[in-house]
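Commentary on secondary and tertiary structure
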Amino acid sequence: MLDQIKGLHHVTSMADDALTNNRFFTNTLGLRRVKKTVNFDSPDVYHLYYGDEIGTPGTVMTYFPFPQMPRGRAGTGEVGTTVFAVPVGSLGFWCERLSKLGVTGLKDEETFGEKRLNFAGPDGDGFALVEVKDDPRAPWTEGGISADHAIRGFHSVAMRLRDEGATSELLKFMGYEELDRKDGVTRLIVPGGNGASLVDLETLPNVNRAAQGAGSVHHVAFAVDNREKQLEVRKALMDTGYHVTPVIDRDYFWAIYFRTPGGVLFEVATNEPGFDRDEEIAHLGEALKLPQQHKHLRPILESHLQKLEA
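This structure is a prediction, so every number in the text was calculated from the model and none was measured. (Residues numbered from 1 in each chain as written. Predicted model: local features only at pLDDT ≥ 70, side-chain atom pairs only at ≥ 80, totals over all residues. Heavy atoms only, no water.)

**Brief notes about the pattern of salt bridges**
Here the structure, examined in full by the defined rule, presents 16 salt bridges. Among the ionic pairs, E279 bridges to K35, the shortest N-O distance being 2.6 Å. Placement of E279 in the loop between β16 (265-273) and α5 (298-304) and of K35 in strand β2 (residues 32-39) is noted, with a sequence separation of 244 residues between them. We classify K35 as buried; its relative accessible area is 0%. (Salt bridge = Lys/Arg side-chain N within 4 Å of Asp/Glu carboxyl O. Helix = DSSP H or I, 4+ residues; strand = E, 2+ residues; numbered from the N terminus. Buried < 20%, exposed > 50% of the residue type's maximum accessible area, 1.4 Å probe, protein only.)

**What about empty space enclosed by the protein?**
A full pass over the atoms with the stated rule returns 1 cavity of 30 Å³ or more. Roughly 40 Å³ of volume is contained in the largest cavity. The wall of the largest cavity is formed by L31, G51, D52, T59, F84, W140, I151, R152 and G153. Broken down by class, the residue content of the lining of the largest cavity amounts to 4 nonpolar, 3 polar and 2 charged. (1 Å grid on protein atoms, 1.4 Å probe; cavity = no way out; pocket = protein on both sides within 12 Å on 5 of 7 lines; lining within 4 Å. Points joined across faces, edges and corners; volume = space filled by probe spheres on them. Nonpolar A, V, L, I, M, F, W, Y, C, P; charged D, E, K, R; others polar.)

**Description of the environment of N22**
Examined against the element boundaries, N22 turns out to sit in helix α1 (residues 18-28). For the pair formed by N22 and L308, sequence separation is 286 residues and the distance between their alpha carbons is 7.2 Å. Once residues within four sequence positions are removed from consideration, N22 is found in contact with N27, R33, Y50, L308 and E309. (Contact = heavy atoms within 4.5 Å.)

**Focus on the sheet that holds strand β6 (residues 107-111)**
The strand order across the open sheet formed by 8 strands is β6-β7-β8-β5-β9-β12-β11-β10, and the pairing between neighbours is mixed. At either end of the open sheet lies a strand with only one pairing partner, and these are β6 and β10 (177-182). Within the sheet, the average angular offset between the axes of one strand and its neighbour, ignoring direction, is 25 degrees. Judged from the 5 bridges that link them, β10 and strand β11 (residues 185-189) form a sheet pairing that is antiparallel. The residue of β11 that forms the bridge with R181 is T186. Against the sheet, helix α3 (residues 165-173) makes contact with β9 (153-161), β10, β11 and β12 (198-203), and its axis sits at roughly 165 degrees relative to β12, the strand it touches most. (Pairing = 2+ DSSP bridges. Axes fitted to C-alpha atoms, helices over the stretch in contact; angles between N-to-C directions.)

**A look at the UniProt feature "domain: VOC" (unreviewed entry) in the chain**
Mapped onto the present numbering, the UniProt feature "domain: VOC" (unreviewed entry) falls on residues 7-132 and 153-271. Within the segment residues 7-132, helix and strand shares are 17% and 48% respectively, and the terminal C-alpha atoms sit 16 Å apart. Between the end C-alpha atoms of residues 153-271 there is a gap of 15 Å, over a span that is 18% helix and 42% strand. (UniProt positions renumbered as here; feature names shortened; annotations may be inferred.)

In structure tokens form, the structure reads like this:
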């Protein structure tokens, strides 16, 4: 069993409009845009990152906004819900705020003894807020939401699977332990994690596979401290029979990818070097940052990409 993984690093999804996406995460949810760059494999498309003040691993939601992308179809083989942690007693504030701002899919419930508010993103994305007691992570409060209510980072992701057995075994190999089971959902936790330490596996044997599109999660990334730990994880996964990509430099972290038995794309990303490697912390996410291989495209991209609010 591995011990290098510390919890979630980031979650990457797809959208159909960059401006709407940016407004939702910065204005509605009050997160900070910590990086404005492009999809390294398709530089005519933004890659936008939202999180806490510095984009701490375990807080960062990222998006590829493909203009006029059709909506995805929910199903199995995907992350169905991305869940954020908020302080105890704050869900009333959030329910009122999201309702006033026209957010749909609002639903209160209690799962695994935690109070939870489900809601939908602009593209039908599945989200939830869960009240967490004494979460030590510092929130970003410059987005207009006070520390009493502001998002701390991820709480968990919930994966919808036709059979959770093989994915559960994979996560246990990656250092997770089964914490609880209830109503067809298995909850796993990585001990001593970074606060974004939970994964829920929902078994839906009679549901068709998802079709990706706007509102779909593209991949979920798990955090390791550095490249040395990442290479240890890569070797262990390959020795177990997984087909893992070579290490890819994403400028703000190094990444490896592999497809899980349940169909979800996993990434293992390093905590280093971080989002402040090419911008001062006070100005994160303000300027368009391009990877070296696309810097020659700056004039074209700056005229082509949709203008975003600060």
